[in-house]
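Close look at the chain arrangement
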Amino acid sequence: MAETVKDIKITGEGNDQGKKRKTYAPAVDIIETKNNILLIADMPGVDEKSVDITLEKNLLTVYGMIAPAIPDYSGTVTDERSAGDYQRVFRVSDEIDRENIKATVKDGVLRLVLPRGGNVMTKKIEVTGEA
Amino acid sequence: MLLKELERELEKWSSFPDPFREFSLINHGLLRTLRPIRGEFPPVDISKDEEKYVVSAEIPGVGPEGVDISLKGKTLTVRFERRPEELGEGEYYTKKERWYGDFNRVIDLPCAVEADKVKARFNKGILHIELPFAESEKPKKISVQTE
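Residues numbered from 1 in each chain as written. Chains lettered and ligands numbered in written order. Predicted model: local features only at pLDDT ≥ 70, side-chain atom pairs only at ≥ 80, totals over all residues. Heavy atoms only, no water.

1. Concerning unusual backbone geometry
Residue and element names in this part refer to chain A. Of note, Lys57 is a non-glycine position whose phi angle comes to about 50°, a positive value. Relative to the assigned elements, Lys57 resides in the loop between strand E5 (51-56) and strand E6 (59-64). With relative accessibility at 46%, the residue Lys57 sits in the partly exposed group. (Helix = DSSP H or I, 4+ residues; strand = E, 2+ residues; numbered from the N terminus. Buried < 20%, exposed > 50% of the residue type's maximum accessible area, 1.4 Å probe, protein only.)

Below you can see the structure in the form of structure tokens.
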């Protein structure tokens, strides 16, 4: 079986990510429907250009880059929000149709639609009798 | 809180095959650090320059129509709500970590602001409210005259 590495990038340009920044796991909802699995992640500050989704083997990685704080405002009064990127890894079963995963980002929420109907790998093992 | 635990227990017991197995241990550890520890929700950043305060709050999935901002004196109130997805027949959650419900966050500003000139905008799920200082709060230049 050939290893298929599918890169589902919805970003146009390659992000120059050092990936050494502090990352946080976004809160996620997963909804199962008849034909799809819907994954919704809260990633405020992220848009379609700064989110990176990769599926390698059965690992689905969601990465969201956050631009550093706005430099114009010099004085910080309170600073409660966590600064850093988002990252979370999921394991996807063979049931998912890898070629047709769709991703959209709106108002800082990522929605991934993972259709069912991938090839469920079944391998038949021949049993041979000893001669 | 109790309800959440119950929900989690129920999820554990649900016998549906889960095609979406996750590295739950790693993720849970990380998720915990994300939750606002200092109490109030949503977490808010307040910064200022010479003319204004800027209040920023993470409210993903809520558009301009879903938020209500009011100002009374130095007290800024931000109200919003977010509802779960409407599920069709046979659809169900296998994970539900995102927040839902009605929220309001009250912020006491350190000084008076110009209520008529407050501006708010949403950008990528982050609400930014700009509150220009009231005239009386702005620094005044005092000229010194010779006698």
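2. Quick word on the interface of chain A and chain B
Listed by partner, the interface residues are 48 residues for chain A and 50 residues for chain B. Across the chain A to chain B interface the summed buried area is about 4,300 Å²; carbon plus sulfur atoms make up 55%. Our enumeration of links across chain A and chain B arrives at 6 salt bridges. A salt bridge links Asp42 of chain A to Arg82 of chain B, with the nearest nitrogen and oxygen atoms 2.8 Å apart. Inspection of the region where chain A meets chain B yields 13 residue pairs in polar contact (both at pLDDT 80 or more). Those elements that place two or more of their residues in the side of chain A that touches chain B are strand E2 (23-24), strand E3 (28-32), strand E4 (36-42), E6, strand E7 (75-79), strand E8 (85-91) and strand E10 (109-115) of chain A. When residues in the side of chain A that touches chain B are grouped by element, the largest group, 6 residues, is from E4 of chain A. Of the residues in the side of chain A that touches chain B, the class split is 25 nonpolar, 10 polar and 13 charged. (Contact = heavy atoms within 4.5 Å. Buried area = accessible area lost by both parts, 1.4 Å probe. Salt bridge = Lys/Arg side-chain N within 4 Å of Asp/Glu carboxyl O. Polar contact = N/O pair within 3.5 Å; in protein donor to acceptor, adjacent residues only side chain to side chain. Nonpolar A, V, L, I, M, F, W, Y, C, P; charged D, E, K, R; others polar.)

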